[in-house]
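Fold and contact review
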Amino acid sequence: MLRRLLLVTCLALAALSPAAAQDGSDFVVRLNRLENQSRQQAGQIETLQHENRQLKEQLRKFQEDVEFRLQEAKGGRGAASPSGNPAPQKPAKRSDAFDPDQNPGRPGAPMQLGTTTPSNAMSSNAMSSNAMSAAPLAEAPRARTVPPTVVEADDEEPGPSPPGFGGPVDLTPPSRVPTTGAIAAPARPGVAATATGDARADYESAYAYILQRQYEQAEMGLRQFIQSHPRDGLVPAATYWLGESYLQRNRNREAAEQFLKVSTDYARSAQAPDAMLKLGTSLNALGAREQACATLAELERKFPGAAPSVRQGVAREQKRARCAA
């Protein structure tokens, strides 16, 4: 309707004077350019929104996968099955394998100690030895005995006689071997064991690793804090510094997921503008230059009151990513 009115106005001006007609045509051309620019900006905004939805979906799938793995790990360490459940069956044995339970009398089957018979070469000695040890065996029927052994003497003169066959075995444990005196150092507690239950203390303890540039320990501490205090007001800051610990170690995909979570789920937090700036940095490091430029452009629209340092960072990252002006 507006264009029709403008066209009618232009025709009327054309009927009045040629100069007025020229001005009217220039006005129509400018109006068309503005409409084209408006459509292009709307398309860019829709593209950015679509990419943000895709990133949120990837983040959701990642979180579900992590939760599933944690539950699976906890289930593997669970207690044994109750006594009411049937005992697991033994796996089936091969048909060609020797089973001593089915054939106890075949050669090769294990025999109890003291039940073997002495060889013919030592029959006389064995008989006398068994006769001498019959009384101790009768008094202590549960005593274990050693199997008979055959001693072959190579010297002309016989050596000392071997221990009696069927004699009791000395079950006294051997003396303890002396050690070097080194005492094993106790295991150091992990970062997860340092949680105190106080949200502020746990956050400051994890943030101290960021200040010390110990990013691996910072990651463990911040994750423990987020899991222990999911509804605390410091969760946005902890999520932001968790992404920073990834970014400093060039784990750009994990960093982008954390920065996206801060800029979307905690958009009203003080860390949201910085998180969106770091999101553009992470995307550019991943090679997604167009998405990085769209994110940086959206930052100026979404957070018009961002700090000057954030605005300077946006300009710096746009120049680094070679974003179109």
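Residues numbered from 1 in each chain as written. Predicted model: local features only at pLDDT ≥ 70, side-chain atom pairs only at ≥ 80, totals over all residues. Heavy atoms only, no water.

So, the pattern of salt bridges
Short version of the rule: When a carboxyl oxygen of Asp or Glu lies within 4 Å of a side-chain nitrogen of Lys or Arg, that pair is called a salt bridge. Numbering of helices and strands runs from the N terminus, with a helix taken as a DSSP run of H or I at least four residues long and a strand as a DSSP run of E at least two residues long. With a 1.4 Å probe rolled over the protein chains alone, any residue whose accessible area is under 20% of its type maximum counts as buried; one over 50% counts as exposed, and the rest are partly exposed.
Considering all chains together, one arrives at ten salt bridges under this definition. Between Arg 320 and Glu 317 there is a salt bridge; the shortest N-O distance is 3.4 Å. Taken together, the positions of Arg 320 and Glu 317, both in helix H11 (residues 308-321) and three residues apart, correspond to about one turn of that helix. Exposure remark for Arg 320: the relative accessible area of 51% places this residue in the exposed category.

Digging into the packing of aromatic side chains
Operational definition: By convention, a stacked pair of Phe, Tyr or Trp rings (six-membered ring in the case of Trp) has centres within 6.5 Å and planes under 30 degrees apart, an edge-to-face pair has planes over 60 apart, and any other such pair is tilted.
Within this structure, the stated rule accounts for five aromatic pairs. Judged by centre distance (5.8 Å) and plane angle (55 degrees), the ring pair of Tyr 203 and Phe 225 falls under tilted. Of the two residues, Tyr 203 is situated in helix H5 (residues 199-211) and Phe 225 in helix H6 (residues 215-228); the sequence distance between them amounts to 22 residues. Taken together, a centroid distance of 5.1 Å and an interplanar angle of 75 degrees make the contact between Tyr 240 and Trp 241 edge-to-face. Of the residues examined, Tyr 240 reaches a relative accessible area of 8% and is grouped as buried.

Details of the packing of H5 against helix H7 (residues 235-247)
Two quantities define a packed helix pair, namely the angle between the axes and the distance from one axis to the other. To keep it simple, the criterion reads: The axes used here are C-alpha line fits, helices contributing only the stretch in contact, and every angle between their N-to-C directions lies in the interval 0 to 180 degrees. The cut-offs work like this: below 35 degrees is roughly parallel, past 145 is roughly antiparallel, 65 to 115 is roughly perpendicular, and the gaps in between are oblique. Crossing handedness: left-handed means the near helix sits turned counterclockwise from the far one by under a right angle, and right-handed means the same turn made clockwise. Contact criterion: two residues are considered in contact whenever any of their non-hydrogen atoms come within 4.5 Å of each other. Polarity classes work like this: nonpolar for Ala, Val, Leu, Ile, Met, Phe, Trp, Tyr, Cys and Pro, charged for Asp, Glu, Lys and Arg, and polar for all others, with Gly in that last group.
Contact geometry for H5 and H7: axes closest at 11 Å, N-to-C directions at 25 degrees. It follows that H5 is roughly parallel to H7 by the angle criterion. As for how H5 packs across H7, the hand of that crossing is left-handed. Listed contacts from H7 to Tyr 203, Tyr 207 and Ile 210 of H5 are Ala 237, Ala 238, Trp 241 and Ser 245. Partitioning the contact of H5 with H7 into residue classes produces six nonpolar, one polar and no charged.

Comments concerning the side chain of Thr 295
Mapped onto the fold, Thr 295 is located in helix H10 (residues 289-302). Residue Thr 295 is classed as buried on the basis of its relative accessible area, which comes to 3%. Excluding residues within four positions of it along the chain, Thr 295 makes contact with Leu 48, Met 276, Leu 279, Gly 280 and Leu 283.

Section: the confidence of the model for the protein
What counts, and what does not: Note on scores: pLDDT gives the predictor's confidence for each residue, bounded by 0 and 100.
When pLDDT is averaged across the protein, the result is 73; 56% of the residues are at 70 or more. Note on residues 79-84: pLDDT under 50 across the span, and zero contacts to partners over four residues away in sequence or across chains. Confidence drops under a pLDDT of 50 for residues 118-126, and excluding neighbours within four residues, the segment shows five contacts in the predicted structure.

Comments concerning the state of the cysteines
Defined as follows: When two cysteine sulfur atoms are found within 2.5 Å, that pair is recorded as a disulfide.
One pass over the full model with this rule turns up one disulfide. With a sulfur-sulfur separation of 2.0 Å, Cys 293 is cross-linked through a disulfide to Cys 323. What sets the handedness of the Cys 293 and Cys 323 disulfide is the S-S torsion sign, and at about -85 degrees it is left-handed. Of this pair, Cys 293 sits in helix H10 while Cys 323 is found in the segment after H11, placing the two residues 30 residues apart along the sequence. Assigned by exposure class, Cys 293 and Cys 323 land together as buried.

Some thoughts on the side chain of Ser 269
What counts here: For this analysis, a polar contact is any N or O atom pair within 3.5 Å, provided that within protein one partner can donate a hydrogen and the other can accept it, and provided that sequence-adjacent residues contribute only side-chain to side-chain pairs.
Among the secondary structure elements, Ser 269 is positioned in the loop between helix H8 (252-265) and helix H9 (272-285). A relative accessible area of 18% places Ser 269 in the buried class. A polar atom in the side chain of Ser 269 sits 2.6 Å from the backbone oxygen of Tyr 266. Discounting chain neighbours no more than four positions away, the residues touching Ser 269 are Pro 236 and Val 262.

Description of unusual backbone geometry
Its identity as a non-glycine residue notwithstanding, Asn 250 has a phi of 60 degrees, on the positive side. A positive phi angle, close to 60 degrees, is found at Arg 322, a residue other than glycine. In this fold, Arg 322 is placed in the segment after H11. We classify Arg 322 as exposed; its relative accessible area is 72%.

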